Amino acid sequence: FSFFFLTMVRETKFYDSLGISPDASEGDIKKAYRKMAILYHPDKNPTAEAAEKFKEVTRAYEVLSDEDMRKKYDRYGEQALEEGGGGGGGMSAHDIFSQFFGGGGSPFGGGGPRESRGKDVGHALPVSLEDLYNGKVRKLALNKQIICKTCDGSGSKKKGKTSTCGDCRGQGIRIVVRQLGPGMVQQMQTTCPTCKGEGVAVDPKDRCTACNGNRVAQEKKVLEVNVDKGMKHNDKITFSREGDQHPDIKIPGDVIIVLQEKKHERFERKGQDLYMKKTISLVEALCGFSFPVQQLDGRILCVKSQPGQIVRPGESKSIPGEGMPRHRNPFDKGCMVIEFEVELPDTLSPEQLAVISKVLPQPAKRDMDFDIDDAEECYLHDATPGAQAGRDRSRNAYDEDEDEDEGHGGQRAQCVHQ
């Protein structure tokens, strides 16, 4: 037997507007709205019928894209939404359309109301490795632009005294024509000096004394930056809408703090692990060692080798759980990795060599297929960088001299014995 489950709704007006069925998924609703909204948007279809249809499909999307509103609509119909306060939430059809397409207003490149947004501002914040290990609250003082509180961004002492700039006709720009020569002119676009590109002018006698008619003022803002445990170099902390304000900008931009990890004198961070270098003596490498390490939280770790453990030059050992904490899960920590260098003595006395020869395992005997008495003895010396290259250059110069002598023609002079 096959069973079919049908979605029962009180009315289907909104579903019909988008051309979908009542059991449509969230993705189906978005896809249908995108298609219908672009089709009927006033920028693309500037007719009264299209404008009305645009509002209709946007209202349908507003209800059906909200889970609670959709349930209420399916059960009680559109009238219940109007009575219950679900009649649009104060957003226009253009606001919803702009929000759907990422806040950029019309995707057609012109006309249409746009929701202007300010630019984001980035600030670098140097932090120590200790700050990233333990977490810290840092205070950052910024100078930001705000809308003048005295004139509420109008630039005038008296309400309603602003007017469209007569010099640029509200465009904020002026076209300047320059004479370059006979029959030659140049047109240049410049910012209007009267309104400073605002397009709005205020009579000098009516200008706000707090902002001098600029409509904006400067304010010092102190931000508390929470550096969480385990954060990394170049991690970003965003303060929404804390950017510069302006009367013509509806939404201020964000202030983005970018963490810059400072170089540490002892540790180097690699992911969740902390790396450090340690030089030990030959005796310590063979017989064992113990040394203190100060952790980033101030604890003193006593690092010891296992009994009978031999550490080789360039070898690394780790201490689990003593690395960097994981961001948002600080109890999960990496390892502290210690890279060992073994310091060898420059020389050993015959007495020391005799003692070492007795203690250390003897080298394996090598079979030699030649007579040792016929071999030449060679002793090792410290290698000097570039010495071989210098010898090669001398040899090449000698060879060149010989070639030149042979190439000058004729027979070489010979001694004559009398």
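Relevant structure appears above.
Computed from a prediction, not measured in an experiment: that's the story for all the values here.

Participant: Looking at this model, I keep getting lost on the overall build of the protein. Mind explaining?
Facilitator: In terms of helices and strands, the protein carries 10 helices and 15 strands. Buried residues in the protein amount to 28% of all 418 residues. Sequence-distant contacts in the protein: of pairs separated by 6 or more residues, those separated by 24 or more amount to 64%.

Participant: Just checking my understanding: could you explain the packing of aromatic side chains for this structure?
Facilitator: Given two aromatic rings, one states the distance between the centres and the angle between the planes to describe the pair. Taken as a whole and assessed by the stated rule, the structure comprises 6 aromatic pairs. Seen from their ring centres, Tyr15 and Tyr73 are 6.2 Å apart, and the 45° between their planes marks the pair as tilted. Taken together, the residues span a long stretch of sequence, with Tyr15 in helix H1 (residues 13-18) and Tyr73 in helix H4 (residues 67-76) at a distance of 58 residues. The burial state of Tyr15 is the same as that of Tyr73; both residues are buried. One aromatic cluster in this structure is built from Phe14, Tyr15 and Tyr73. Against the face of Phe291 rests Lys278, its NZ or CZ located 4.6 Å from the ring centre.

Participant: When you look at H4 in this model, what are you seeing that I'm missing?
Facilitator: Residues separated by three or four positions in an α-helix point in the same direction, a consequence of the helix having 3.6 residues per turn. Listed as buried for H4 are Met69, Arg70, Tyr73 and Asp74. All buried residues of H4 fall inside an arc of 130° around its axis, so they share one side. Seen from the buried face of H4, the exposed residues on the opposite side, beyond 90 degrees, are Glu67, Asp68, Lys71 and Arg75. A side-chain oxygen of the first residue of H4 lies 3.1 Å from the backbone nitrogen of Asp68; this N-cap is Asp66. Within two residues after H4, Gly77 carries a phi angle of roughly 95°, on the positive side.

Participant: It is not clear to me how the layout of surface pockets should be interpreted in this structure. Could you clarify?
Facilitator: Which parts of space are left empty comes out when a probe the size of a water molecule is rolled across the atoms. In this structure, the largest pocket occupies an estimated 300 Å³ of space. In this structure, the largest pocket is lined by 16 residues; those nearest its centre are Thr194, Cys195, Lys196, Gly213 and Asn214. Across the lining of the largest pocket, the residue classes break down as 5 nonpolar, 6 polar and 5 charged.

Participant: Explain the sheet that holds strand E9 (residues 255-261) here, please?
Facilitator: Sheets are built from strands paired through backbone hydrogen bonds, the pairs being either parallel or antiparallel. Strand order in the open sheet formed by 3 strands is E1-E9-E8, with mixed pairing between adjacent strands. The two strands at the open ends of the sheet, each matched to only one other strand, are strand E1 (121-127) and strand E8 (236-239). Within this sheet the neighbouring strands show an average axis-to-axis angle of 25°, counted without direction. The sheet contact formed by E1 and E9 spans 7 bridges and is parallel. Bridge assignment links His123 to a residue of E9, and that residue is Ile257.

Participant: Any chance you could explain a nonpolar patch on the surface here in plain terms?
Facilitator: Judged by side-chain polarity, Leu286, Ile310, Leu348, Leu353, Val355, Ile356, Val359 and Leu360 come together as a nonpolar surface patch covering roughly 660 Å² of accessible area. Counting through the fold element by element, Val359 comes out in helix H9 (residues 350-359).

Participant: How should the pattern of salt bridges be read in this particular structure?
Facilitator: Note on pairing: side chains with opposite charge can pair once their charged atoms come close. With the rule as written, the count across this model stands at 19 salt bridges. Glu242 serves as the salt-bridge partner of Lys221, at 3.9 Å between the closest nitrogen and oxygen. A residue pair is termed long-range when its members are at least 10 positions apart, and Lys221 in strand E7 (residues 216-227) and Glu242 in the loop between E8 and E9 qualify at 21 residues.

Participant: I would appreciate a short explanation of the sheet that holds strand E14 (residues 316-326) in the present structure.
Facilitator: Spatially, 4 strands are ordered E10-E11-E15-E14 in an open sheet, and the strand pairing comes out mixed. In this open sheet, the two edge strands, each paired with only one partner strand, are strand E10 (268-270) and E14. Between one strand axis and the next, the sheet turns through 35° on average, direction left out of account. Bridge count for strand E11 (residues 273-281) against strand E15 (residues 329-343) is 8 bridges, and the pairing is parallel. Of the residues in E15, the one forming a bridge with Leu274 is Met336.

Participant: Mind showing me how you'd approach the packing of helix H2 (residues 26-40) against helix H3 (residues 48-64) here?
Facilitator: The geometry of a pair of packed helices is captured by two quantities: the angle between their axes and the separation between those axes. Contact geometry of H2 with H3 gives a least axis separation of 9 Å together with a crossing angle of 165°. Of the possible angle classes, the one that applies to H2 and H3 is roughly antiparallel. Considering the relative orientation of H2 and H3, their crossing is left-handed. Contact residues: Ile29, Lys30, Tyr33, Met36, Ala37 and Tyr40 in H2; Ala50, Lys53, Phe54, Val57, Thr58, Tyr61 and Leu64 in H3. A breakdown of the residues in the contact of H2 with H3 according to their chemical character gives 10 nonpolar, 1 polar and 2 charged.

Participant: Explain the state of the cysteines here, please?
Facilitator: Defined simply, a disulfide is a covalent bond joining two cysteines at their sulfur atoms. Tallied over the entire structure, the rule returns 0 disulfides. This cysteine, Cys208, is not joined by any disulfide, and Cys211 carries the nearest cysteine sulfur, 3.9 Å off. Judged by relative accessible area, Cys208 falls into the buried class, the value being 2%. Considering cysteine sulfurs only, Cys151 is the nearest to Cys211, which forms no disulfide, with 3.8 Å between them.

Rules used in this analysis
Position numbers for residues count from 1 along each chain, tracking the sequence in the order it is written. For this predicted model, a pLDDT threshold of at least 70 governs which residues receive local features, and a threshold of 80 or more governs which side-chain atom pairs are given and counted, while totals over whole chains, interfaces and linings are taken from all residues. In computing side-chain values, all of the structure's heavy atoms are included and hydrogens and water are not. For helices the rule is a DSSP run of H or I covering at least 4 residues; for strands it is a run of E covering at least 2, with both sets numbered from the N terminus onward. For the exposure calls, accessible area comes from a 1.4 Å probe over protein chains only, and a residue counts as buried if that area is under 20% of its type's maximum, exposed if over 50%, partly exposed in between. The contact definition used throughout considers only heavy atoms, calling two residues in contact when any of these lie within 4.5 Å. We call Phe, Tyr and Trp rings a pair once their centres come within 6.5 Å, taking the six-membered ring for Trp, and we label the pair stacked below 30 degrees between planes, edge-to-face above 60, and tilted otherwise. For a ring to carry a charge above it, either NZ of a lysine or CZ of an arginine must fall within 6 Å of the ring centroid while also lying within 35 degrees of the normal to the ring plane. By arc we mean the arc of the directions from the helix axis to the C-beta atoms, nothing more. Each polar contact in these results corresponds to two N or O atoms within 3.5 Å; when the atoms are within protein, one needs to be able to donate a hydrogen and the other to accept it, and residues that are neighboring in sequence are counted only if both atoms are side-chain atoms. For each structure, a 1 Å grid was placed over the protein atoms alone; sets of points admitting a 1.4 Å probe that cannot get out are labelled cavities, open sets with protein on both sides within 12 Å along at least five of seven lines are labelled pockets, and lining residues have an atom within 4 Å of a point. Grid points are joined across faces, edges and corners, and a volume is the space filled by probe spheres set on the points. Residues are sorted three ways: Asp, Glu, Lys and Arg are charged, Ala, Val, Leu, Ile, Met, Phe, Trp, Tyr, Cys and Pro are nonpolar, and all the rest, Gly among them, are polar. Any two strands with at least two DSSP-identified bridges between them are counted as paired. Simply put, an axis is a line fit to the C-alpha atoms, just over the touching stretch for a helix, and the angle between two N-to-C directions goes from 0 to 180 degrees. Each patch is built from residues lacking any salt bridge and having more than 30% relative accessible area; the joining distance is 9 Å for like charges and 5 Å for nonpolar side chains (Val, Leu, Ile, Met, Phe, Trp, Tyr). Only the protein chains shown count as cover for residues, and all accessible areas are computed by the Shrake-Rupley method using a 1.4 Å probe. Here, a salt bridge means any Lys or Arg side-chain nitrogen found within 4 Å of an Asp or Glu carboxyl oxygen. Oblique is the label for every angle not falling under 35 degrees (roughly parallel), over 145 degrees (roughly antiparallel), or within 65 to 115 degrees (roughly perpendicular). Note on convention: near helix rotated counterclockwise from far helix by under a right angle means a left-handed crossing. Clockwise means right-handed. Two cysteine sulfur atoms form a disulfide, by the criterion used here, when they sit within 2.5 Å.

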